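Structural description and commentary
Below are the chains, spelled out letter by letter.
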Amino acid sequence: MLLRFITPLMLLSFTGDALAALQNQNVQQGMACEASRPAENVIGSVQLQQTEAGTIGVESRSAEIFADEKAYFTGNVIIHRDGQWLSTSKATVDQQKGEIIASDGITFSDGYLNVTGDSLFLDLNEDRAELYNSDYRLQDHNARGHAERLSLSRQEVLLQDSSFTTCPGDSPAWQLRAQRIQINETSDFGEAWHARFELFDVPILYLPYFNFPISDARKSGLLYPTFDSSSNSGFEVEIPYYFNIAPNMDATIAPVYMSERGTMLKSEYRYLFGQNAGQFNLEYLGNDDTRIENKKRYLWHVQHAAQINPDLSFYLDATEISDDNYLNDFGSDFAGRADTHLYRVAQLDYDNDNWTAQLRTEDYELIGDYRSPYRTLPQLSVDYSAKTLHGFSAGIYNELTYFQNQDQSREYATRAHIEPSLRYRYEKPAFDTEAELSYLYTRYWQESPDSAIAESVTRTLPRARVRARMHLERSVEIGNDQYRQTLSPQIQYLYVPYENQQDIGIYDTSLLQDDYHGLFRSRRFSGLDRIAEANQITYGISSSLFTQNEREMLRASLGQIYNIEDSRTQLFAANEETTTSSNSEWVADINWAVDENWSLRSSIQYDTELNSTRKSQTAIEFRKDDSNLVQVSHRTATNILNNDIEQVGTQAVWSASSRWQVAANVFYDLTHDRLNDAMVGVQYSSCCWALRVSAYRRINRDLEPAFSANQINGDTQFDNGISIQFIISGLASDNSGLINMLEKSTYGYRRPFYLSN
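Counting of residues starts from 1 at the beginning of each chain's written sequence and follows it residue by residue. In keeping with the predicted nature of the model, local features appear solely for residues at pLDDT of at least 70, side-chain atom pairs appear and are counted solely at 80 or more, and the whole-chain, interface and lining totals rest on all residues. Excluding hydrogens and water, the side-chain figures rest on all heavy atoms present in the structure.

Moving on, we come to the overall build of the protein chain. In terms of regular secondary structure, the protein chain is built from 3 helices and 43 strands. To sort residues, take the accessible area from a 1.4 Å probe on protein chains only and compare it with the maximum for the residue type: under 20% means buried, over 50% means exposed, and anything in between is partly exposed. Per-residue burial over the protein chain gives 43% buried out of 757 residues. Only the protein chains shown count as cover for residues, and all accessible areas are computed by the Shrake-Rupley method using a 1.4 Å probe. With the model as given, the accessible surface of the protein chain reaches about 38,600 Å², and the carbon-plus-sulfur share is 53%. Runs of E in the DSSP output that reach at least two residues are strands. Runs of H or I that reach at least four are helices, and both are numbered from the N terminus.

Below, the discussion takes up the pairing of strand 13 (residues 189–199). The side chains of a regular strand alternate, first on one face of the sheet and then on the other. As defined by bridge partners, strand 12 (residues 174–184) adjoins strand 13 across 9 bridges and the pair is classed as antiparallel. Each residue of the ladder has a partner; that of Q175, found in strand 13, is E198. Strand pairing requires that DSSP identify at least two bridges connecting the strands. Connecting strand 12 to the antiparallel partner strand 13 that follows it, the hairpin turn spans 4 residues. Taking the residues that link successive antiparallel strands as the turn, the strand 13-strand 14 (residues 202–213) hairpin has 2 residues, and the phi of F200 there is positive, at about 50°.

In this section: the nonpolar core. To define a nonpolar core, start from buried Ala, Val, Leu, Ile, Met, Phe, Trp, Tyr and Cys residues and group those joined through side-chain atoms within 4.5 Å. Judged by nonpolar contacts, the single largest core of 48 residues is most densely connected at I79, L113, L131 and L150. If one sorts the elements of this core by residue count, strand 12 sits on top with 5 residues. Working rule for contacts: check all heavy atoms of both residues, and any pair within 4.5 Å makes them a contact. For L113, the residues in contact, after removing those within four places along its chain, are F108, Y136, R137, L138, L150, L152 and V157. Listed in part, the 12 residues of the second largest apolar core include V256, L285, L299 and A335.

Moving on to the pattern of salt bridges. Within this document, salt bridges are pairs made up of a side-chain nitrogen of Lys or Arg and a carboxyl oxygen of Asp or Glu, the two lying within 4 Å of each other. The tally for this structure, following the rule as stated, stands at 34 salt bridges. With its nearest N and O atoms 3.7 Å apart, the salt bridge here joins D432 to R425. A relative accessible area of 32% means that R425 is categorised as partly exposed. Residue E550 pairs with R484 through a salt bridge whose shortest N-O separation is 2.6 Å. A residue pair is termed long-range when its members are at least 10 positions apart, and E550 in the loop between strand 33 (534–546) and strand 34 (552–563) and R484 in strand 32 (residues 481–496) qualify at 66 residues. R484 sits in the partly exposed class, given a relative accessible area of 22%.

Here we come to the environment of K90. Here K90 is to be found in strand 5 (residues 84–94). In this structure K90 comes out as partly exposed when scored by relative accessible area, which is 39%. Sequence spacing of K90 and S119 is 29 residues, and the spatial spacing of their C-alpha atoms is 9.7 Å. Ignoring sequence-local partners within four residues, the contact set of K90 consists of F73, T74, V77, I101, A102, S103 and D104.

Once that is clear, we can look at the confidence of the model for the protein chain. Per-residue pLDDT for the protein chain has a mean of 82; in total, 84% of the residues score no lower than 70. Low pLDDT, under 50, characterises residues 1–50; the stretch is placed with 122 contacts to residues that sit more than four places away or in other chains. The quantity known as pLDDT measures the predictor's confidence residue by residue, on a range of 0 to 100. Segment residues 575–582: pLDDT under 50, and 13 contacts once partners within four positions in sequence are set aside and those in other chains are kept.

This part takes up the environment of Q548. Residue placement: Q548 occurs in the loop between strand 33 and strand 34. Taking the C-alpha atoms as reference points, Q548 and D481, separated by 67 residues in sequence, lie 8.7 Å from one another.

With that settled, consider the packing of aromatic side chains. Any two rings among Phe, Tyr and Trp, with Trp reduced to its six-membered ring, count as a pair given centres within 6.5 Å; such a pair is stacked if its planes are under 30 degrees apart, edge-to-face if over 60, and tilted if neither. One pass over the full model with this rule turns up 20 aromatic pairs. Seen from their ring centres, W174 and F197 are 5.9 Å apart, and the 25° between their planes marks the pair as stacked. With W174 in strand 12 and F197 in strand 13, this pair connects stretches of sequence that are 23 residues apart. A relative accessible area of 0% means that W174 is categorised as buried.

Of the pairings in the sheet, the one linking strand 15 (residues 221–222) to strand 18 (residues 241–246) comprises 2 bridges and is antiparallel in character. The partner of G221 across the bridge, within strand 18, is Y242. Two elements, strand 18 and strand 19 (residues 249–258), share 4 bridges in a ladder whose sense is antiparallel. Bridge pairing in strand 19 places Y241 opposite I253. The antiparallel hairpin formed by strand 18 and strand 19 contains 2 residues in its connecting segment.

It is worth spelling out the side chain of N232 at this point. Inspection of the secondary structure puts N232 in the loop between strand 16 (226–230) and strand 17 (234–238). Relative accessible area serves as the criterion here: at 17%, N232 is assigned to the buried category. Filtering out sequence-adjacent residues up to four positions away, N232 remains in contact with E260, R261, T290, N328, D329, N700 and D719.

Another aspect to go through is a nonpolar patch on the surface. Residues enter patches when their relative accessible area tops 30% and they take part in no salt bridge; the joining distance is 9 Å for like charges and 5 Å for the nonpolar side chains Val, Leu, Ile, Met, Phe, Trp and Tyr. Taken together, Y426, F431, M470, L472, L487, I541, L558 and W586 make up a surface patch of nonpolar side chains, about 640 Å² in accessible area. Locating L558 in the fold gives a position in strand 34. Its relative accessible area of 38% is what places L558 among the partly exposed residues.

Attention now moves to unusual backbone geometry. Geometrically, the link from L377 to P378 is a cis peptide bond, its omega value of -10° lying close to zero. Positive phi, close to 50°, is recorded for H194, a residue that is not glycine. The partly exposed category is assigned to H194, whose relative accessible area is 41%. Despite not being glycine, N294 has its phi angle at roughly 50°, a positive value. Along the polypeptide, N294 turns up in the loop between strand 21 (276–285) and strand 22 (297–307).

Bringing the environment of Y439 into the picture now. You can see Y439 is positioned in strand 29 (residues 431–447). For Y439, the contacting residues outside a window of four places in its chain are I418, E419, P420, T460, L461 and P462.

Here it is, written out as structure tokens:
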């Protein structure tokens, strides 16, 4: 920014060769990949005698001063004023006209722009400078270029017949050439007129007008296009447009052209208002050319979170799709291709001292040809827990829920539940014990065409539970390292009497997954529609190994439930068989952080009576850092919807060099001897551009063959595709990496310590 010229003219002597070194630094600055760092004020790094604000300081080897207040300076001339610096071999200062003329090569900086060029004309009265045949660099941004004529006025830079790039070197990978480029110091964006975009000196696009970012600030405009190809949808191209509506809200609209299906419109709106935040997404394809019926395809998603006051909060999360095949055909950021259902919930929560309350409505939409589940419309729950006195505490849980079948209006139910409880807990550093006595009263009013479902049911069940744990530890030496080992054996007795509950419908209840910690639950089913009888003893032991820095490097657990009496309570009457073994499966878990890079996670449920593994999952991972990891996993499960599952998988992301990165995953079904999902991606990145190419092959889960133009036959169908994305640094931002590709694949990436899919 140029300030007014204020007299008197100050003549200072320049006595060293610092100027030559200064000019060499400025020419060489930022010519390598390190240009991504902001340029320094090279001229300002030379220590010159400071002048008063508004005055001009001149240093040179020789000077001639005339009575008309015109002065000629030659020999390593430096002129400085209020943060502006000019170095040249010859300069003329005319105080009467308020002009400075420099020639024979100049270097100029004003704290915002660094320029080297042939000559300079500075009009101090109008705060305007003209520089000719110059190379410029924005000091605080990774941007540079060349201009035949560069005009500087107050807070503005105007470039004529110029170029702009964020790439280093004499031959940048990309650059913008324009008849006119305008940059404002107070703005994070520049404007260009009659511009052409060049890749490797080859013009590929002409734009009569174009605006571009010179910082990381947000601005409305086109985002990177994505090019894909798949056997299901054909050639695809997506061109998003971003709307920077306000600092607290934005939106994106993206038309997606698919050669086999048509054009889809995707949109997203995000907002943040004080204690309220959320987003709304809509995807719509008006006419899918690959379908015989139900050609309109859509997805909508809404999410909102609000903290109304310190005690009261609200949360909403819902997704809806037009058909069961939508996720398989198009994918989504809100549900996985392998998901079996969509979950929707809206809830209001109150939490204050001993009281908690929740008003919630929820439902599940099953994906596929399954019986529709019930909606919760709504559920009111209130929980009170009294303060502990001498180890004793009391509480009461109350719930009132109305259920409605999604498709059958004649199927509905109301459930009221009251559960008072009394607890005693005694705790010492070496052990703790807990006893609980509960009384479960549940009342149902039901309407169902199933004659086995009673119109009115009352169920009362007591429940007693006693649990004790020990906490032992010792110091151990392994090799030359000291560790702290903990050992925690525990035992629990649980008693619940049996009651036949087959006249109660299944509204929100399912079998809970077993793991080591699940062995010590007080219930076998989620929800309240089934309360399993229990006369059982559960025992287990867990041990951990900690480093001297209290980092847990190993945790191993082993446990089992011993059933004194066989269990008869099942979800459905068709599965009314009893537990044939007096002992349940052994459950074992191990988490092992071998070192800072290697880790292992494994769990298994083994039935000793049938000599078979019911469930198991194991994952071994090498993680060098967030950009370099390799994982191998194996999992089995028996009798899942009358099917057995055994699958092995591997996934990896690796930076072969500073510029090359590869990502891949493969999941193979050992039960059916087939490939379930495979993906490979390669990305090349330079300082200012990147190219990402990926390909995939996955099973085509056609859940609606009647509506598909290609009928499903007995053979397994696969969807194959490729994707190409060209990324330019400096014209927009892209924070996604190849690891995101793994997370969005059919099975997704999970760290071993959190392997749950």
